[in-house]
Amino acid sequence: MTDRQMRAVLYARKSNKQDRTEEQSASVGDQLTRGRAYATERGWQVVGEFTDDGRSGLLDRTKRPGLDSALSLIEAGDADVIVTLWTSRLSREERQRAEILDLLDFLKVEWHAVADGGRIDRSTYAGYVTYGIHTLFDVAYSKRVGENWRNAHQKRIDAGLPKSRSPRFGYRWDGDERAFVVHDAEADAVRELYRRYTRGDGFTQLVKWLNDAGWRVAGTENPWSVRTLNRFMDNGFAAGFISREDDLRDLRGAHDPIISETAWLAYRAERERRAEFGKKASGAGERWWLAGVVKCGRCGGPTYVDSFKRPDGKSSVMCSNRRSNPDSCAGVTILRAYVEDAVGLWLGGHLDQLDALSKGERRATADTAADVFGAAVAGRDKIIDGLADLEESRLLQDIEPAVYRRTKDRLTARLRDAERAVKEAAASLEAPEADTTLLRGCATDGKWNADGRAALRGVLARVEVGKDALTILPVIGEPVTLARSAMHGRCKIDGCGKRERTKGLCTSHSMRARNLGILDELARRVAESVEAPGPTITVEQVDALFASAHEAASA
Ligand SMILES: [Zn+2]
Ligand SMILES: [Zn+2]
C-alpha cells in the first residue's frame with residue numbers, strides 16, 4: 001500500500017434512540033465530516049461515503065443498505081480502509097461484528113474509528129485488547145436495554161409451566177417429573193368436548209353430558225357448570241398452551257397437548273362465531289342458518305341481522321364494524337332474503353358437484369385444505385415475528401414513538417386478519433365430510449338444526465357481501481360471484497322489466513302512480529294479478545289506468 005494512495009470508504013450510522021449522549025446523537029452528516037477530515041489528514045482518497053440513518057447497530061447488512069454498499073465496495077477490492085467515527089457505528093452485535101472484522105482482515109482492509117483512538121488492529125496484542133474493550137461496551141449497551149424485557153418472557157417460556165399447579169382436567173401432576181402428564185380416560189372426554197362444541201353443541205348440553213358421564217371439576221367433587229367448563233375450554237391448556245395473557249402468541253407449555261392445534265383453532269373460530277351472533281339480532285329464536293358465515297366485503301368483518309321480527313324481505317344484513325365504529329368501514333347492507341336465496345340456489349348445484357367427486361378428488365381437496373392452513377399459519381407467524389422485532393426496537397429505544405405506534409397499529413390489524421384466516425382454515429380442516437343428504441333435506445324444507453348448520457360449515461366457508469357483488473366461497477371449489485344488480489327484483493308489470501324500486505314497481509311506474517295518488521292501489525292490483533291465475537297486468541293496461549286517473553284528477 002505504500003506505493004499508491006490509500007482508498008478510504010466512510011461509513012456513518014445513527015439510530016433512532018432518544019439518547020442524548022454524543023455517540024448516540026451525532027448526525028450521519030457530522031460523522032462523515034469528521035471521517036473526511038481524518039482521511040484528508042492522512043492523504044487518503046475517499047472513494048465512497050455510505051450512511052444508514054435511523055438504523056440500529058443490531059441489524060445485519062441485509063437490513064442496512066449503507067453498510068451493505070460499503071462492504072460490497074470492499075469485497076470488490078475497491079477500498080483499502082473503512083473509517084467510522086466510533087466503533088459502535090459499525091455494529092452492536094457481537095457475532096456480526098466479528099464476521100465483518102474477519103472479512104476486513106481477510107481482505108487486508110484496515111478499520112479506523114476516529115473518536116475511538118484510530119486504527120483497530122486485532123493482529124497486535126494491544127490492538128486486540130482495545131477491540132475487545134470496545135466490543136464489550138458497544139454490545140453491553142444494547143444488552144442492558146433489552147435485559148428486563150427478555151428476562152420476563154424467557155423465564156416463563158423456559159419453564160413451560162402454567163402459573164399455578166392447580167389440577168387440570170385431562171392431566172395429573174407428576175411430582176417426580178415435575179410435569180403434567182396426560183390422563184387417558186379424561187383426555188378422551190376432553191377431545192369429545194371440543195369435537196361436540198365444534199359440531200354445534202352448546203355449553204349447557206356439554207355440561208349435562210359431562211356430569212351425566214360422572215366427570216367432576218378437576219381436583220374437586222363438584223359437578224361442572226357452564227362457567228367452569230367455559231373457563232376450562234377457553235384457556236387452551238388441553239391444546240398445549242400455558243398462558244394467553246399479555247402475550248403476542250400463545251405460549252407452548254411443557255405438557256403434551258390432548259387436542260390438535262387445528263381442533264383448538266376450530267373451537268375458537270366457532271366460539272367467536274357464536275359470541276358474535278349472541279350479541280345481535282332481536283327475534284332470532286332459532287339460530288340463523290347463515291349466522292357467522294356472512295362477512296362484510298369491505299372490511300372483512302362480521303355482519304349482523306337488523307331484526308328477525310321483520311319479514312324476510314325487509315330485514316337486512318349489515319356490517320358489524322360499521323355499527324360499532326362508523327369510521328372503521330363504509331359499511332354494506334343487503335336484504336336477508338337476497339343472501340338466503342343466493343346461497344340456497346348455489347347450494348343445490350354445489351351439492352350435485354360434491355356428489356360427483358370421486359374419493360381421490362375428495363382426498364386431493366383435503367390436501368389443499370391442509371396447504372391452505374399451513375400457509376395461513378406461516379403468514380400469521382411472520383406478522384408475529386414482525387411485532388416481536390418492533391417491541392425489541394422500542395425497548396432498545398431504536399424507533400421514533402410515532403413510527404412505533406403507526407407500525408404497531410398496522411401490524412395488529414394485519415394480525416387480526418391473519419388469525420381469522422388461520423381459524424377459518426382450521427375450521428375447514430376439522431369440518432366433517434359433507435353430508436349432502438342432510439344438507440339437501442335442510443335446504444328443501446328450510447329447517448336448519450344444529451347438525452345441518454354444522455354440515456353447512458363443511459361446504460360453505462364464507463359469504464362476502466360487497467357493494468356491488470356477493471361472493472360465495474365454498475370449502476371445496478371455486479368462489480362464485482354474483483352481481484347484486486342481478487339479485488334485485490323486476491317491476492311486476494308485464495312488459496316493463498325495469499329494476500324494482502318499491503312495492504313491486506320500478507322507479508318510473510311507482511313515481512307516476514305516486515304523483516297521481518294511486519301508488520298503493522296500483523301496487524295492490526299488480527300484486528293481486530301476480531298471485532291470481534291468468535295474465536298479469538300489462539304496461540298498456542297501466543298506461544290506460546294512468547290516463548283515466550289523470551282525467552279524473554283534472555276534471
Ligand atoms: Zn364492514
Ligand atoms: Zn315498471
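Per an unreviewed UniProt entry, the protein is named Recombinase family protein, and its organism is Nocardioides daphniae.

Visitor: Can you help me understand the overall build of the protein in this one?
Guide: From N to C terminus, the protein includes 19 helices and 18 strands. The buried share of the protein, taken over its 555 residues, is 41%. Taking all contacts inside the protein whose residues are at least 6 apart in sequence as the whole, residues at least 24 apart take part in 57%. With an accessible surface of roughly 29200 Å², the protein has 50% of that area assigned to carbon and sulfur atoms.

Visitor: Even after reading the chapter, I still don't get a positive patch on the surface, so can you show me in this structure?
Guide: A surface patch of positive charge is lined by Lys 382, Arg 406, Arg 410 and Arg 414. The dominant element in the positive patch, judged by the number of residues it contributes, is helix 13 (residues 401–430), at three residues. If you trace the backbone, Arg 414 turns up in helix 13. Residue Arg 414 is classed as partly exposed on the basis of its relative accessible area of 45%.

Visitor: It is not clear to me how the coordination of the zinc ion (ligand 1) should be interpreted in this structure. Could you clarify?
Guide: The protein atoms that coordinate the zinc ion (ligand 1) are Cys 296 (SG), Cys 299 (SG), Cys 319 (SG) and Cys 329 (SG), at distances spanning 2.2 to 2.3 Å. For the zinc ion (ligand 1), the four donor atoms in the first shell make angles of 104 to 117 degrees at the metal, so the coordination geometry reads as tetrahedral. Read in sequence order, the donor residues coordinating the zinc ion (ligand 1) give the pattern C-x2-C-x19-C-x9-C. Of this pair, Cys 296 sits in strand 10 (residues 294–296) while Cys 319 sits in strand 12 (residues 316–319), and the two are 23 residues apart along the sequence. You'll find Cys 296 and Cys 319 in the same group, each marked buried.

Visitor: When you look at the sheet that holds strand 13 (residues 333–335) in this model, what are you seeing that I'm missing?
Guide: Sheet strands pair by backbone hydrogen bonding; their relative direction is either parallel or antiparallel. As summarised here, the arrangement of the three strands in space is 11-12-13, forming an open sheet in which the pairing is antiparallel. At either end of the open sheet lies a strand with only one pairing partner, and these are strand 11 (303–305) and strand 13. Strand-to-strand twist across the sheet, computed as the mean angle between neighbouring axes with direction ignored, equals 25 degrees. The pairing of strand 11 with strand 12 spans three bridges and is classified as antiparallel. Note that in strand 12 the partner of Tyr 304 across the bridge is Met 318. Helix-sheet contacts for helix 11 (residues 336–356) involve strand 11, strand 12 and strand 13, and the interaxial angle to strand 13 is about 70 degrees.

Visitor: What should I look at first to understand empty space enclosed by the protein in this one?
Guide: Gaps between atoms show up when a probe of the same size as a water molecule is rolled over them. Using the criterion set out here, one finds two cavities of 30 Å³ or more in the structure. Looking at the second largest cavity, its volume works out to about 50 Å³. Looking at the second largest cavity, the residues that line it are Gly 200, Glu 270, Arg 273, Arg 274, Arg 287, Ala 450, Arg 453 and Arg 457. Broken down by secondary-structure element, the contributors of at least two residues to the lining of the second largest cavity are helix 9 (261–278) and helix 15 (450–457).

Visitor: Sorry, what's going on with the environment of Val 294 here?
Guide: One can find Val 294 in strand 10. Owing to a relative accessible area of 2%, Val 294 belongs among the buried residues under this scheme. When residues no more than four places from it in sequence are discounted, the contact partners of Val 294 are Trp 288, Pro 302, Thr 303, Val 317, Val 339, Val 463 and Val 465.

Visitor: How should I be thinking about the side chain of Arg 7 in this particular structure?
Guide: The topology assignment puts Arg 7 in strand 1 (residues 7–14). The residues touching Arg 7, leaving out its near neighbours within four places in the chain, are Gln 45, Val 47, Gly 77, Asp 78, Ala 79, Asp 80 and Val 81.

Visitor: What's the story with the packing of aromatic side chains in this structure? I'm lost.
Guide: Each aromatic ring pair is characterised by the separation of its centres together with the angle its planes make. With the rule as written, the count across this model stands at 15 aromatic pairs. Both rings, one in Tyr 194 and one in Trp 264, keep their centres 6.4 Å apart while their planes meet at 70 degrees; by these two values the pair is edge-to-face. Of the two residues, Tyr 194 is situated in helix 6 (residues 184–198) and Trp 264 in helix 9; the sequence distance between them amounts to 70 residues. Each of the two residues, Tyr 194 as well as Trp 264, counts as buried. Among the aromatic residues, those joined into a ring-pair cluster are Tyr 194, Tyr 197, Phe 203, Phe 241, Trp 264 and Tyr 267. One Lys or Arg, Arg 42, reaches over the ring of Tyr 38 and ends 3.7 Å from the middle of that ring. Of note, Arg 323 hangs over the ring of Tyr 304, and the distance from its end group to the ring centre comes to 3.8 Å.

Visitor: Help me understand unusual backbone geometry, please; the structure alone is not making it clear to me.
Guide: In the Ramachandran plot, Lys 108 falls in the positive-phi region, its phi being about 55 degrees despite a non-glycine side chain. For Lys 108, the position within the fold is in the loop between helix 4 (94–106) and strand 4 (110–113).

Visitor: Before we go on, may I ask you to explain the sheet that holds strand 2 (residues 45–53) in this structure?
Guide: If you walk across this open sheet you meet the five strands as 2-1-3-4-5, and the pairing is mixed. Two strands close off the open sheet at either side, each with one partner strand: strand 2 and strand 5 (118–119). Summarising the sheet, strand 3 (residues 81–84) and strand 4 pair through four bridges and their orientation is parallel. By the bridge assignment for strand 4, Val 83 is matched with His 112. Across the sheet, helix 3 (residues 65–75) touches strand 1, strand 2 and strand 3, and the angle it forms with strand 2 is around 155 degrees.

Visitor: Is there a simple way to explain the pattern of salt bridges in this structure?
Guide: Between side chains of opposite charge, a pair can form as their charged atoms come close. According to the stated counting rule, one finds 26 salt bridges in the structure shown. As a salt-bridge pair, Glu 41 and Arg 42 come within 3.4 Å of each other at their nearest N and O atoms. Using a relative accessible area of 38% as the deciding quantity, one classes Arg 42 as partly exposed. Between Glu 464 and Arg 462 there is a salt bridge, with its nearest N and O atoms 2.9 Å apart. Glu 464 gets classed as partly exposed once you look at its relative accessible area, which sits at 25%. Among the ionic contacts, a cluster of salt bridges with common partners joins Arg 61, Asp 68 and Glu 75.

Visitor: Explain helix 6 to me, please; I cannot follow it from the model alone.
Guide: Because the α-helix completes a turn every 3.6 residues, residues three or four places apart line up on one side. If you check helix 6, its first and last C-alpha atoms are 21 Å apart, about what 15 residues at 1.5 Å a residue would give, namely 21 Å. Along helix 6, the positions that sit buried rather than exposed are Glu 186, Ala 187, Ala 189, Val 190, Leu 193, Tyr 194, Tyr 197 and Thr 198. Immediately beyond the C-terminal end of helix 6, within one or two residues, lies Gly 200, with a positive phi of roughly 125 degrees.

Calculation rules
- Sequence order sets the numbering: in each chain, residues are counted from 1 along the sequence as written.
- Ligands are numbered from 1 and chains lettered from A, in the order in which they are written.
- Two thresholds apply to this predicted model, a pLDDT of at least 70 for residue-level local features and 80 or more for giving and counting side-chain atom pairs, whereas whole-chain, interface and lining totals are computed over all residues.
- No hydrogens and no water enter the side-chain calculation; it runs on all heavy atoms of the structure.
- Each helix is a run of DSSP H or I of at least 4 residues and each strand a run of E of at least 2, with the numbering of both proceeding from the N terminus.
- We call a residue buried when its accessible area falls under 20% of the maximum for its residue type, exposed when it is over 50%, and partly exposed in between, using a 1.4 Å probe and counting protein chains only.
- Throughout, a contact is declared for two residues whenever any of their heavy atoms are within 4.5 Å.
- Residue-level accessible areas treat just the shown protein chains as cover; the underlying method is Shrake-Rupley with a 1.4 Å probe.
- Distance thresholds for patches are 9 Å for like charges and 5 Å for nonpolar side chains (Val, Leu, Ile, Met, Phe, Trp, Tyr), applied to residues having over 30% relative accessible area and no salt bridge.
- When a carboxyl oxygen of Asp or Glu is within 4 Å of a side-chain nitrogen of Lys or Arg, the pair counts as a salt bridge.
- Only four residue types enter the tally: Lys and Arg on the positive side, Asp and Glu on the negative side; His and the chain ends are excluded.
- Lys charges are placed at NZ, Arg charges at CZ, Asp charges at CG and Glu charges at CD.
- Listed donors are limited to N, O and S atoms within 2.8 Å of the metal, widened to 3.2 Å for Na, K and Ca; water is not among them, so incomplete-looking sites are possible.
- Geometry is assigned from the angles between donors: four donors with all angles from 85 to 135 degrees make a tetrahedral site, four or six donors whose opposite pairs exceed 155 degrees while the rest stay between 65 and 115 make square planar or octahedral sites respectively, and everything else is labelled irregular.
- In this scheme, strands are said to pair when DSSP sees at least two bridges between them.
- Lines fitted to C-alpha atoms define the axes, with helix axes restricted to the stretch in contact, and inter-axis angles between N-to-C directions lie between 0 and 180 degrees.
- A 1.4 Å probe that fits but cannot get out identifies a cavity on a 1 Å grid over protein atoms alone, an open set with protein on both sides within 12 Å along at least five of seven lines counts as a pocket, and a residue lines either if it has an atom within 4 Å of a point.
- Grid points are joined across faces, edges and corners, and a volume is the space filled by probe spheres set on the points.
- Stacked, edge-to-face and tilted labels apply to pairs of Phe, Tyr and Trp rings (six-membered ring for Trp) whose centres lie within 6.5 Å, assigned for plane angles under 30 degrees, over 60, and everything in between, in that order.
- Definition used: whenever NZ (Lys) or CZ (Arg) falls within 6 Å of the ring centre and also within 35 degrees of the ring normal, the charge is taken to sit over that ring.
- Each residue after the first adds 1.5 Å to the expected span of a helix.

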